[in-house]
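Residues per chain are reported as follows:
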Amino acid sequence: MKMYQFLKTRHHKEFMRDIQSQFVKNILTDVCTNPKESGAAFAPSNIALCKYWGKRNPSLNLPVNSSLSISLGSLGTRTEIRLHDTPATWADRVYLNGQLQPPESSFVQRVTSFLNLFCPMLGNVHFEVRTENNIPTAAGLASSASGFAALVIALDDLAGWGLDKKQLSMLARLGSGSASRSVYDGFVQWNAGSNSDGMDSFAEPVFKPWQEFCIGILELSDARKPVSSRDGMNRTVETSELYKSWPQQAAADLKTIRAAIESQDFPLLGKTAEHNALSMHATMMAAWPPLLYLQPETIEQIHKVQRVRSKGLEVYLTIDAGPNIKLLFLEEDEASVASTFPGLKTIKPFGSC
Ligand code: PMV
């Protein structure tokens, strides 16, 4: 059995839970719990400009490489949590965009198994979670990032822990790696860290606003992806020869993107982010069985971006583990980009949307 297949077995899931529970206990060691009736929070979605791809520890979601993202302002997830100390006949309830989700769905399973990690501090309780996304769920628009960040911040609000952002980032990371970055606005760097206990792997803000920076969401499909990023990256790490060069490239790209943000050098940022995303997809295509998230319409739009850029329009792209494209451009080109790509939804992470 390959490692990426073993990671899905019951035996491994139990092993993983023990490690995660211990990690949660470590973070909450000296923290007092003063629960109130409910807690609520909003967290923005984020788009990585230098991608997180590959875990050095799948139980604690410790990444192989550091990554850097931009948070999407008011686009993200709002979550409210309530506690019920009702008898065992009552199961956790999870609502997504107003709809009660089936308990056996993978969405509910992921949310409740994450929340159960916190039961030792909260007692024998059930959770009622109401979560609203203003971005499509699981279509490569990073809703799990904002989802787990909002869940952790709402839980902190409910339990009265008063955790700092570094602790919130590490707890969100357990739900979904990219969620570690969604506890901040603006540009955010997630440091991979090197400790095996995961205590040095958390996100930090870059504190460098860039008012003119725009992101355009080109939504080509809202279908759920057939392979989750979690499974996709495990398979890539294990079976793709091309993955061997990824950690080195990601480290160099991160450095270049940081420098480009510092000096507000947009072409340098754009081309490094685009190169980084396409290189990540190359590592996936070289996995076995191969992973191909790009659809025919994605390829068509990649060619279009290259074509219009060769004619002088300063626009670049990035793509996550899905078929949708995110365009990167500056405010001065907003009108030209919008007319070239009909249906584009433009976000100004540092300004009004
Ligand atoms: O956090 P996950 O497990 O959903 O993985 C995210 C992976 C990418 O979106 C492809 C890259 C990234 O850094 O967000």
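Up top is the structure.
None of these values were measured; they are calculated from a predicted model. (Residues numbered from 1 in each chain as written. Predicted model: local features only at pLDDT ≥ 70, side-chain atom pairs only at ≥ 80, totals over all residues. Heavy atoms only, no water.)

A. Highlighting the site of the ligand. The immediate surroundings of the ligand are formed by 14 residues, with Tyr52, Ser176, Ser178, Arg181 and Ser229 found nearest. Ser176 is positioned with one of its side-chain polar atoms (N or O) 2.9 Å from an oxygen atom of the ligand. Asp320 places a side-chain nitrogen or oxygen 3.3 Å from an oxygen atom of the ligand. Protein contact buries 93% of the 380 Å² of open area that the ligand shows by itself. Considering only residue class, the shell around the ligand consists of six nonpolar, five polar and three charged. Looking at which domains feed residues into the shell around the ligand, each of domain 1 (2-205) and domain 2 (213-347) supplies at least three. (Near = heavy atom within 4 Å. Polar contact = N/O pair within 3.5 Å; in protein donor to acceptor, adjacent residues only side chain to side chain. Areas by Shrake-Rupley, 256 points an atom, 1.4 Å probe, with all protein chains shown as cover. Nonpolar A, V, L, I, M, F, W, Y, C, P; charged D, E, K, R; others polar. Domains from an automatic or database assignment.)

B. Local environment of the nonpolar core. Core analysis: the largest hydrophobic core is formed by 82 residues, its most contacted members being Leu49, Phe118, Phe187 and Phe213. In this structure, this core is formed jointly by two domains, domain 1 (2-205) and domain 2 (213-347), each of which donates at least three residues. Apart from residues no more than four positions distant in its own chain, Phe213 is found in contact with Leu49, Ile70, Phe187, Phe266, Leu269, Leu328, Phe329, Leu330, Ile347, Lys348, Pro349 and Phe350. Counting residues in each nonpolar core, the second largest holds 16 residues, with Cys214, Ile302, Val305 and Phe341 among its members. (Core = buried A, V, L, I, M, F, W, Y, C linked by side-chain atoms within 4.5 Å. Buried < 20%, exposed > 50% of the residue type's maximum accessible area, 1.4 Å probe, protein only. Contact = heavy atoms within 4.5 Å.)

C. Structural context of the sheet that holds strand E13 (residues 345-347). Read from one edge to the other, the open sheet built from four strands follows the order E11-E12-E10-E13, with strand pairing classed as antiparallel. Looking along the sheet, the strands with just one partner apiece sit at the ends: strand E11 (316-318) and E13. Between one strand and the next, the sheet's axes are offset by a mean angle of 30 degrees, whatever the strand orientation. Relative to strand E12 (residues 325-330), E11 runs antiparallel, the two being bridged by three bridges. Within E12, the residue paired with Thr318 across the bridge is Lys326. Those strands touched by helix H9 (residues 266-285) are strand E10 (213-218), E11 and E12, and its axis lies near 35 degrees from that of E11. (Pairing = 2+ DSSP bridges. Helix = DSSP H or I, 4+ residues; strand = E, 2+ residues; numbered from the N terminus. Axes fitted to C-alpha atoms, helices over the stretch in contact; angles between N-to-C directions.)

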